[in-house]
Structure formats: structure tokens, C-alpha cells
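Structural description and commentary
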Amino acid sequence: MRLLLAGALATITAAGLAVIRPALLTDEERAAASAIRENRMRADVRFLSSDLLEGRGPATRGDRLAREYLASRFEAIGLEPGAPEGAWEQGFDLVGVTAACPEVLRVSRGAAGTDLRFHEDYVAFSGIQAPEARVDDAEVVFVGYGIVAQEHGWDDFKGADLKGRVLLVMNNDPESDPQAFAGKRRLYYGRWDYKYEMAARLGAAGAIIVHTDASAGYGWKVVQSSWTGGQLSLPAVPGEPALPVKAWATEEACRRITRLGGHDLDALRAAAEKRDFRPVPLGVSLSLALRNEVSRRPSANVIGRLPGRDPVLSGEAVVYSAHHDHLGVKPGPNAEPVVYNGALDNASGLATMLAIAEAFVALPERPRRSILFAAVAAEEQGLLGSAHLARHPPVPAGRLAANVNIDGMNIWGRTRDVPVIGLGKSSLDDWVRAIAEAQGRTVVPEAFPDKGAYYRSDHLSFARAGVPALTVDAGTEVLGKPPGWGRDRQREWEAAHYHQPTDDRTAGWDFSGAVEDAQLLFLLGAKVANAPLAPSWRPGDEFEPARRKALAELGR
């Protein structure tokens, strides 16, 4: 069944859902999209990735400078303050914990043992906001993937008592069976944060994640840069389970741990691919004391708002998000301060969002729904700013029509493809496909599904609140380049520059693809903001119950 709703074609599916087929782009939308210019985006990246901002570390001077710049840009563009009480900033506290790790971690079996060297073999950080986190002579237990997923018939723990133990856990989720989980596409079960969450629920004293480049989606140097130094989190919730010690170890270090206990790591991992796997006590133990410096520091999300024109739908909003933080300043090889500027990650995403805001203001008539532009804090520390925003949104979550998240941009040139992180999860797909087709491009699934990208950027916070959300990634089929060129460039960039001090803007950046992607994202938001019906999750999606709950709270 099909019907015409306010100029948009809608199909009523067998499930009774109205799937909107977008109308053609209007002349006004095309003209506003053409206002997105490379020079403005390049200039914003230039400032936001300058050494003067000291890597935009959360709750630092560079963080404050970035926030002030973004609020000033929002105001100059013509937005109004979007945070509570007419403010540009939605402030909140972050708890910083800097742990002093022992240079050598001894893993013992009686008189025998193996030594792990900090930074080279392992990193550890505190999971509690206290002056000390410790593990005392705790047995190490191999727990496979550390997953309990009833819908997949999977339980790695089988009721084992793991209180007070240290869990040695694999990253990723099972992929040897294409029928199990999602095959090569990583789910949240495969994320490192899920591993620590499960260990906390089971009362473990600590957890060590086995690092491999393939299972993490990045090399060991990213672990070194991301999980050393001060770690930030939102203030602890009383009564919520906490894991005292969180750690990563290299694959070779984990081989030594298991070998010390008389086990082969490869054999253990092979056993963990099967549903009948049970935890394996390794017969080795370790002690570890982390001396923590604990501080409480303020940061903020910066929010601008373009009010909608419709007397009813203006109470709803489409929210764009892009994180404004990066890794700040860290000690270099000789203890000298090194700035991690985060040009691609995520000064470029901020520049894209600012360009989209300018396009919305260029429309001769405001959209029916309001538009929120949220530069969120502390993404690199675990999506903290977006989590706070999703828990305390300017409008109820049930009135947030969609989230369009921007985490990096295409710096390699125009592409034929539009990879969507979250493709197949919501009816946002229909809009993206129609707009991409109007650009002469094709929507495709994310290029690297094994990285679990849907569960590692700020759209996840909105999805957990029930808001249909996606991120458009950089395409890999670059115009004028041979097949595979774009994919190779992205892999090379990640291996050399991801979470490294070399993530700087260079003269070799090609902004033409970034402009085209920004135009697509602007048109996506404009179409959603003017549609009679808000997007919805696909039936059976993992976040559909959260949307039903959010709508029920509004009496819908």
C-alpha cells in the first residue's frame, strides 16, 4: 500500500510501519547545500587542530578554548543557545583517575613466574574512583570471549564463581561460525567495554584483554596512547558494579601467562569458539596495586539550536553530534610533552557539523522540526559527553527524531560509495539512499565491519536512548583512482596516525569528498526535519525497545 504524505511517498509495510520514500530535492535545499564550501571547513580544521589547543584534552585549557570557539561559531552562524537555561554549554563533571602502574607485573605459579613490563607488555588502569585499586594474589582464569548472549545461545561463564579472580578475556565476538552472532560484523558483545562490564557484574577483581591487531581493530601503540595517563569517567553511580583493575596485554605476554599455567593460548582460543566452552583456571596468580590520583574536573557539551517553524513539530528535533575532544598532551619517548592534535579525529567532524549548520541557516525557510548541533565532550574516554547528553537531553528522548553523528571526514577525495555505519538498523536508510542516488552515488555497508564501529562512537549513546542514529563513513571507491586505492589509504592512515601525534592536517588532504558528504548529511537532516513521520528502528532491532519506552514516556 502506498500513499502521499506532504509531498513524500510512503509505503505501508506488512508490519504496519510507514516507510517514507523521500521526494526529490527542492531548489532551496540544493542552493543551501551548495553553501557548504571547502575553504570554511579547511579553516575550522586548521584552528581546532592547532597546537594552541593542546590536543583538546577533556577538562583542560585546550578543551575550554575549543568550546569557546565552537560556541562563538554557533553564534556567528545564527544559531541560538541549545543547552538548558539558554546557555551554549551543558556542563558536567568528569572524574579523572591517574594510576601509577608498577614497571614490572609478576605473574606466578609457585616459585616460577613471568614478568610483564609496563607499556611494552601490558597497561593497566583503575576501574574505581578511589586512591588505590588492588588485586591481591588473585587466580587468573581464561574466560574465552567473556560473553553471555541468550539470543545467540551463548554463555562463556556457565555459572562459574569468578569473584575475586582476574579474567583473561579475548576481544571481539565469535566469528568462526557465520551463523553465530553476526559473522564478521562485530556486535557490542565484541567491544572491550562489554568485557569489563561483564567482569564487574561477576565480581571479578580485574580483567586482562588479550590484544591482537585484528581483534582490537588497531595496533598496540593505540592501546599505549589511549589507556595510559589520566583516564576520565562520569561520576560513579552508587551501587553500580565496578571492576577494580582493567588491563590489556599483548598477545605474546598472554602466551607467556597461559604457558606458565601449562596451557597453549591458541588451543584455549580454539576451544572458546564453541558453545560448550567453560572457564579455564590457569593455575597462575598475580598481585597488583595501583596508586591513583583522583580529581574532579568540569567539562561541557556545546549545543546550538535552530528552532523549527512548525507549531507542533518544532518541539521535536534532529540532533547532529561530533565530539570536540582528543587525547591532549602526553609524554613522548624522552618524557617531553607531545601534542595529539586530532585533526581528522575529530576536528574534521566539527568542521563538517559547522558547515552543515551554515547550510541550514541558508535555507529561506526553517525546517518544521528544530535542529540541534551538539559538540560533545570526552568521546575518546568512553562516549562520556554524549552519554550525559542522551541522559539529559534538551528535549525528551522520544522527541529526538534522529541523530546524525559525525566522527571524522573523507580526506581522500570524492567517492562513488557512501558507507553507512548502522545500515539496516533504521528507516534512516531510505533517506540516505535517495539522497546518495541524487548525488550519483550508492549506499553500501561499512567497509570494515569487523571493527564494530556502531558501538564505538557517539551515535551509540543516542541509540541506547532509543533515538534512530547513524554515522556516514568515508567512502573507499575514490573517483579517478584504481580499485582498492581508497581502502588501502584508509588502512595506511589508521596504522600510522590513528590516536597518534601525527594526526595533523596536511596539504595533501582532499576536501572534495568531505564537502559532498557534508552536503549529503545536511540534506538528510533537512528531509528528516520536514517529514511528517519521524524515523523508526527496523522491527526487531536491539534498540527498538528503548524507542518504545521513550515514546511511552510521552504517552504515545
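Please read all numbers here as calculations on a predicted model, not as lab measurements.

The phi angle of most residues is negative, glycine excepted, and most peptide bonds adopt the trans form. Cis rather than trans, the peptide bond between Asp-345 and Asn-346 has omega equal to 15°. With respect to the helices and strands, the residue Asn-346 is situated in helix α9 (residues 343–362). Phi at Ala-335 is positive, roughly 70°, even though this residue is not glycine. Residue placement: Ala-335 occurs in the loop between β18 (328–331) and β19 (337–340). Residue Ala-335 is classed as exposed on the basis of its relative accessible area, which comes to 61%.

Going through the model one piece at a time under the given rule, you end up with 25 aromatic pairs. Between Phe-360 and Phe-373 the ring centres are 6.1 Å apart and the planes differ by 65°, which places this aromatic pair in the edge-to-face class. Taken together, the residues span a long stretch of sequence, with Phe-360 in helix α9 and Phe-373 in strand β20 (residues 370–376) at a distance of 13 residues. The class of Phe-360 is buried, set by a relative accessible area of 1%. A relative accessible area of 0% places Phe-373 in the buried class. Ring-pair connections join several aromatic residues into one group, and the members of that group are Trp-154, Phe-181, Tyr-188, Tyr-189, Tyr-194, Tyr-454, Tyr-455, Trp-537 and Phe-543. Here Lys-481 stacks its cationic end above the ring of Trp-485, 4.8 Å away from the centre of that ring.

What follows is about the pairing of β20. For β20, the tally of buried residues reaches seven of seven residues, placing the bulk of the element in the interior. The two faces of β20 match: Ser-370, Leu-372, Ala-374 and Val-376 on one face and Ile-371, Phe-373 and Ala-375 on the other face are all buried. Looking at chain direction, strand β16 (residues 280–306) and β20 are connected through five bridges and run antiparallel. Following the sheet pairing, Leu-306 is matched in β20 by Ile-371.

In the structure shown here, the tally under the stated rule is 35 salt bridges. Across the pair Glu-365 and Arg-309 runs a salt bridge, and its minimum N-O distance is 3.6 Å. Of this pair, Glu-365 sits in the loop between α9 and β20 while Arg-309 sits in the loop between β16 and β17 (317–323), and the two are 56 residues apart along the sequence. Among the residues examined, Arg-309 registers a relative accessible area of 35% and is labelled partly exposed. For the salt bridge of Arg-489 with Glu-492, the shortest nitrogen-to-oxygen distance reads 2.7 Å.

One ladder, built from six bridges, connects strand β6 (residues 104–109) with strand β7 (residues 112–117); its direction is antiparallel. Looking at β7, one finds that Arg-109 is bridged to Ala-112. Hairpin connection from β6 to β7: two residues lie between these consecutive antiparallel strands, with Gly-110 at a positive phi of about 65°. Sheet topology places β6 next to β16; two bridges connect them, and they run antiparallel. Following the sheet pairing, Val-107 is matched in β16 by Leu-286.

Our focus in this paragraph is the environment of Arg-456. For Arg-456, the position within the fold is in the loop between β23 (442–445) and α12 (459–464). Placed 61 residues apart in sequence, Arg-456 and Val-395 show a C-alpha to C-alpha distance of 24 Å. Within the structure, the side chain of Arg-456 is placed 3.3 Å from the backbone oxygen of Lys-451, a separation counted as a polar contact.

Per-residue confidence for the protein chain gives a mean pLDDT of 93; residues scoring 70 or more make up 96%. This model gives residues 1–22 a pLDDT under 50, and the stretch forms 43 contacts once residues within four places in sequence are excluded.

What follows covers the side chain of Arg-186. Summarising the element assignment, Arg-186 is placed in the loop between β12 (166–170) and α4 (192–201). With no salt bridge to any partner, buried Arg-186 finds its closest opposite charge in Asp-450, at an N-O distance of 5.5 Å. In this structure the side chain of Arg-186 is engaged in a polar contact, spanning 3.2 Å, whose partner is the backbone oxygen of Gly-190. One polar contact links the side chain of Arg-186 to the main-chain carbonyl oxygen of Ser-215, over a distance of 2.4 Å.

So, about the packing of helix α11 (residues 428–438) against helix α14 (residues 512–530). Running from N to C, α11 and α14 point in directions that differ by 130°, and their axes come no closer than 10 Å. Viewed along their axes, α11 and α14 adopt a mutual orientation that is oblique. Note that α11 runs across α14; the crossing there is right-handed. In this structure, α11 contributes Leu-428, Trp-431, Val-432, Ile-435 and Ala-436 to the contact, and α14 contributes Leu-520, Leu-523, Leu-524, Lys-527 and Val-528. When its residues are assigned to classes, the contact of α11 with α14 shows nine nonpolar, no polar and one charged.

Time to look at the nonpolar core. Within the largest apolar cluster, 161 residues are counted, with the highest numbers of intra-cluster contacts made by Met-41, Phe-142, Trp-248, Tyr-320, Phe-360, Phe-373 and Phe-522. Beyond its immediate stretch of four places on either side in the chain, Phe-373 contacts Phe-74, Leu-79, Val-302, Ile-303, Gly-304, Tyr-320, Met-353, Ile-356, Ala-357 and Phe-360. In terms of nonpolar packing, the next biggest core, distinct from the first, is built from nine residues, Phe-92, Leu-94, Ala-377 and Ala-387 among them.

All right, on to the side chain of Gln-90 then. Within the secondary structure, Gln-90 is located in strand β5 (residues 89–100). A distance of 2.8 Å separates the side chain of Gln-90 from the backbone oxygen of His-392, its partner in a polar contact. When neighbours within four sequence positions are excluded, Gln-90 is seen to be in contact with Ala-83, Pro-84, Ser-299, Ala-300, Asn-301, Ile-303, His-388, Leu-389 and His-392.

Here is what the cut-offs are and how they apply
Residues numbered from 1 in each chain as written. Predicted model: local features only at pLDDT ≥ 70, side-chain atom pairs only at ≥ 80, totals over all residues. Heavy atoms only, no water. Helix = DSSP H or I, 4+ residues; strand = E, 2+ residues; numbered from the N terminus. Buried < 20%, exposed > 50% of the residue type's maximum accessible area, 1.4 Å probe, protein only. Phe/Tyr/Trp six-rings, centres within 6.5 Å; stacked < 30°, edge-to-face > 60°. Lys NZ or Arg CZ within 6 Å of the ring centre and 35° of its normal. Pairing = 2+ DSSP bridges. Salt bridge = Lys/Arg side-chain N within 4 Å of Asp/Glu carboxyl O. Polar contact = N/O pair within 3.5 Å; in protein donor to acceptor, adjacent residues only side chain to side chain. pLDDT = per-residue confidence, 0-100. Contact = heavy atoms within 4.5 Å. Lys, Arg positive; Asp, Glu negative; His and termini not counted. Axes fitted to C-alpha atoms, helices over the stretch in contact; angles between N-to-C directions. Parallel < 35°, antiparallel > 145°, perpendicular 65-115°, else oblique. Left-handed = near helix turned anticlockwise from the far one by under 90°. Nonpolar A, V, L, I, M, F, W, Y, C, P; charged D, E, K, R; others polar. Core = buried A, V, L, I, M, F, W, Y, C linked by side-chain atoms within 4.5 Å.

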